[in-house]
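Here are the chains, one letter per residue:
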Amino acid sequence: MAPTLKLFETPQCRRYQKMRTMVFETAAELGVDIQLKEFNDIERLSQSNPLSLPRLYINETLIASRNPPKAKFLAEKLQHIVQRHIE
């Protein structure tokens, strides 16, 4: 089963674009299939803290907020999730 990643964002944000690209590149480098769900409904996002956008979750755990995570950190988190699914 592929890990589920959730990305809360506003599409015009450069940090979101960088974070999204990093997610796909890291998953491709690791050979990991992922399921990315993107949330960008402005009304819904404005009810939470919009200053913390973009936010990246892996299986309901917050991985990054505002700034994209380091590639090594993201790779470790993805590998850890995949290992847990294998065991």
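Below, the discussion takes up the sheet that holds strand E3 (residues 55–58). Spatial ordering of the open sheet is given by E2-E1-E3-E4, a layout of four strands whose pairing is mixed. Strand pairing shows two members of the sheet lacking a second neighbour, strand E2 (35–39) and strand E4 (61–65), which therefore form its edges. Strand-to-strand, the axes of this sheet are offset by a mean angle of 20°, without reference to chain direction. Bridge count between strand E1 (residues 4–8) and E3: four bridges; the pairing is antiparallel. Within E3, the residue paired with lysine 6 across the bridge is tyrosine 57.

Further remarks concern the nonpolar core. Of all hydrophobic cores here, the largest spans 18 residues; its most connected members are Leu5, Ile34, Leu56, Ile58, Leu74 and Leu78. For this core, the secondary structure elements donating two or more residues are E1, helix H1 (14–30), E3, E4 and helix H3 (71–86). If you tally residues by element for this core, the top one is H1, at five residues. Discounting residues that sit within four places of it in the chain, leucine 56 has contacts with Leu5, Lys6, Leu7, Met19, Val23, Thr61, Leu62, Ile63, Ala64, Pro69 and Leu74.

Okay, the confidence of the model for the protein chain next. On average, residues of the protein chain score 85 in pLDDT, and 85% of them reach the 70 mark or higher. The weakest mean pLDDT in the protein chain belongs to helix H2 (residues 42–47) at 66; the strongest belongs to H1 at 93.

Reading guide: rules and limits
Residues numbered from 1 in each chain as written. Predicted model: local features only at pLDDT ≥ 70, side-chain atom pairs only at ≥ 80, totals over all residues. Heavy atoms only, no water. Pairing = 2+ DSSP bridges. Helix = DSSP H or I, 4+ residues; strand = E, 2+ residues; numbered from the N terminus. Axes fitted to C-alpha atoms, helices over the stretch in contact; angles between N-to-C directions. Core = buried A, V, L, I, M, F, W, Y, C linked by side-chain atoms within 4.5 Å. Buried < 20%, exposed > 50% of the residue type's maximum accessible area, 1.4 Å probe, protein only. Contact = heavy atoms within 4.5 Å. pLDDT = per-residue confidence, 0-100.

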